[in-house]
Amino acid sequence: PAVLTDGRAAAAELTRHLIEAHGHRRLQFVGEHDGSPDTTLRYAGFRDALRAAGLDEAGAPLRYGLDVRSGALAARQVHESPLPDALVCANDELAIGLLATLPGLGHRIPQDVAITGFDDQSLAEIASPRLTTVHQPVSELGARAAAGALGDELTSRTVLATRLVVRESCGCAPLSDAGIPETEASQD
């Protein structure tokens, strides 16, 4: 018995968005995918979407830890290589480190490189540009797992839904206060 989300399917959906909505063809994964089951599944979903689109990875995954500092280090490595169209990060902290560092190195986000995260942490919504990510129901995951540990019967594998949260870091139009893309809101 387990309570989890389908990180593989969610990462594939996020990667498909970058390919289909923005036309990106050179995508690279950021995050150490060998030590974490969650990151391993996210990397597999990233690869699934590339394979379905007939694309190869823009380069080997950038193997960094899952914290903001590691994102800053990854930004410096990306700066010294051919820049991919998009960086798909294993989590939001890595993405925030890239968002904070790449502009200081002369790269515009999303014009030069799109950046996405995973988890939908509170910083994702206030980052500049705001971070496109996958929302996970973290509170519900914890509550259900705790209930199971405290005696509620978990009889099977429970998979909770995720959702793609599209914001500006991938190249989508900013949303107005009403939740409508500003380009549409300005036409009203």
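These remarks concern the structure in this document. (Residues numbered from 1 in each chain as written. Predicted model: local features only at pLDDT ≥ 70, side-chain atom pairs only at ≥ 80, totals over all residues. Heavy atoms only, no water.)

1. Quick notes on the nonpolar core
Here is step 1: Ranked by internal contacts, the top residues of the largest apolar core, which has 38 residues, are Leu27, Val30, Leu87, Leu98, Leu102 and Ile115.
Here is step 2: Those elements that place two or more of their residues in this core are helix H1 (7-22), strand S2 (27-30), helix H2 (37-52), helix H3 (68-79), strand S3 (86-89), helix H4 (92-101) and strand S4 (114-116).
Here is step 3: When sequence neighbours within four positions are dropped, the list of residues in contact with Leu27 reads Thr15, Leu18, Ile19, Phe46, Leu50, Leu55, Glu57, Ala58, Ala86 and Val88. (Core = buried A, V, L, I, M, F, W, Y, C linked by side-chain atoms within 4.5 Å. Buried < 20%, exposed > 50% of the residue type's maximum accessible area, 1.4 Å probe, protein only. Helix = DSSP H or I, 4+ residues; strand = E, 2+ residues; numbered from the N terminus. Contact = heavy atoms within 4.5 Å.)

2. Brief notes about H3
Here is step 1: Its twelve residues give H3 an end-to-end C-alpha distance of 17 Å, which sits within 8% of 16 Å, the value for a rise of 1.5 Å per residue.
Here is step 2: Among the residues of H3, those classed as buried are Ser70, Gly71, Ala72, Ala74, Ala75 and Val78.
Here is step 3: Check the buried side of H3 and you find it contacts S2, S3 and H4. (Expected span 1.5 Å × (residues − 1).)

3. Details of the packing of H1 against H2
Here is step 1: Two elements in contact, H1 and H2, have axes whose closest approach is 7 Å; the angle formed by their N-to-C orientations is 40°. As judged from the angle between their axes, H1 and H2 are oblique. The chirality of how H1 crosses H2 is right-handed. Contacts between H1 and H2 involve Gly7, Arg8, Ala11, Ala12, Thr15, Arg16 and Ile19 from the former and Leu41, Arg42, Ala44, Gly45, Phe46, Asp48, Ala49 and Leu50 from the latter.
Here is step 2: Considered class by class, the residues forming the contact of H1 with H2 number eight nonpolar, three polar and four charged. (Axes fitted to C-alpha atoms, helices over the stretch in contact; angles between N-to-C directions. Parallel < 35°, antiparallel > 145°, perpendicular 65-115°, else oblique. Left-handed = near helix turned anticlockwise from the far one by under 90°. Nonpolar A, V, L, I, M, F, W, Y, C, P; charged D, E, K, R; others polar.)

4. Observations concerning the sheet that holds S3
In sheet architecture, strand pairing relies on hydrogen bonds along the backbone and comes in two forms, parallel and antiparallel.
Here is step 1: Pairing in this open sheet of three strands is parallel, and the strands run S2-S3-S4 from one edge to the other. Either end of the sheet is taken by a strand with one partner, and the two such strands are S2 and S4. Averaged over neighbouring strand pairs, the angle between their axes works out to 20° when direction is ignored.
Here is step 2: Strand direction decides the pairing type here: S3 and S4, joined by three bridges, are parallel. Within S4, the residue paired with Leu87 across the bridge is Ile115.
Here is step 3: Sheet strands touched by H1: S2, S3 and S4. Its angle to S3, the strand with the most contacts, is close to 170°. (Pairing = 2+ DSSP bridges.)

5. Regarding the packing of H3 against H4
Here is step 1: Direction vectors running N to C along H3 and H4 enclose 50°, while the axes themselves pass 6 Å from each other. Put simply, H3 runs oblique to H4. In terms of crossing hand, the pair formed by H3 and H4 is right-handed. Residues Val68, Ser70, Gly71, Ala72, Ala74, Ala75 and Arg76 of H3 form the contact with H4, whose participating residues are Glu93, Leu94, Gly97, Leu98 and Thr101.
Here is step 2: Partitioned by chemical class, the residues of the contact of H3 with H4 number six nonpolar, four polar and two charged.

6. Let's talk about the packing of aromatic side chains
Here is step 1: Evaluated as defined, the whole model comprises three aromatic pairs.
Here is step 2: Both rings, one in Phe29 and one in Phe46, keep their centres 5.6 Å apart while their planes meet at 50°; by these two values the pair is tilted. With Phe29 in strand S2 and Phe46 in helix H2, this residue pair connects regions lying 17 residues apart in the sequence.
Here is step 3: The exposure class assigned to Phe46 is buried, which follows from its relative accessible area of 0%.
Here is step 4: By the ring-pair criterion, three or more aromatic residues cluster together here, those being Phe29, Tyr43 and Phe46. (Phe/Tyr/Trp six-rings, centres within 6.5 Å; stacked < 30°, edge-to-face > 60°.)

By themselves, these are just geometric observations and shouldn't be taken as functional.
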